[in-house]
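Next come the chains, spelled out residue by residue.
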Amino acid sequence: MPTSSSVGFPGLCVNGEGHVALPLLPAQAMSLASKGTPHPVKQAPLWQWLPKQISFANPSFTPGVFKLKQDTCELLGIDPTKVSFVLYKVLLHGAGGQTLNLRNASVPGSVASIVLMPPALYTGGAITVKREGSSNTQYYDFVTRNSYDFAYFS
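Attention here is on the structure that accompanies the text. (Residues numbered from 1 in each chain as written. Predicted model: local features only at pLDDT ≥ 70, side-chain atom pairs only at ≥ 80, totals over all residues. Heavy atoms only, no water.)

## A closer look at the nonpolar core
Here is step 1: Listed in full, the 11 residues of the largest apolar core are Leu12, Val14, Val20, Leu22, Leu24, Leu32, Ala33, Trp47, Trp49, Ile54 and Leu92.
Here is step 2: At the level of secondary structure, the elements contributing two or more residues to this core comprise strand S2 (12–14), helix H1 (26–35) and strand S5 (46–49).
Here is step 3: Counting 5 residues, the second-largest nonpolar core is a separate cluster that includes Met117, Val129, Tyr140 and Ala151. (Core = buried A, V, L, I, M, F, W, Y, C linked by side-chain atoms within 4.5 Å. Buried < 20%, exposed > 50% of the residue type's maximum accessible area, 1.4 Å probe, protein only. Helix = DSSP H or I, 4+ residues; strand = E, 2+ residues; numbered from the N terminus.)

## Structural notes on the environment of Pro59
Here is step 1: Position of Pro59 relative to the elements: it lies in the loop between strand S6 (54–56) and helix H2 (61–76).
Here is step 2: C-alpha separation for the pair Pro59 and Phe9, spaced 50 residues apart in sequence, amounts to 9.6 Å.

## A word on H1
Here is step 1: Taken as a whole, H1 has its buried residues at Gln28, Leu32 and Ala33. Along the axis of H1, the buried positions cluster into a sector of 145°, meaning they face one direction only. Those residues of H1 that are exposed and angled more than 90 degrees off the buried face are Pro26, Ala27, Met30 and Ser34.
Here is step 2: Tucked inside the fold, the buried residues of H1 contact S2, strand S3 (18–19), S5 and strand S7 (90–93). (Arc of directions from axis to C-beta. Contact = heavy atoms within 4.5 Å.)

So this is what it looks like as structure tokens:
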């Protein structure tokens, strides 16, 4: 699982909450959950925020994320100038939370997703990614993740 400390801290702000501390503290996670919208796919505990509900106060964050876009396009063999990078949603997984069968189909014209996991203190967790139409399966184990770095996969 790739990690990056070069992304920079986002200065994440959530409507009704204000600035979000990273790594996310348990008390603030509970507060955020009370302000989030339960995810429509019944995979509790999972809450979501749409782009209009969040902002990023750190101007250094965007260039770091766009570097991830460049890296992902290179990995996929896609010209990065032909790709738009759009925030789709922010998810907060509670203990035991999971997302099954995440697909790009809900975003018109989408060819890939970049999942960016901000610094967080937690235990356990893993993701298996299987690309549709491919036998290639990737497994990301978060047990050994440094809780102070961003993790990402695409």
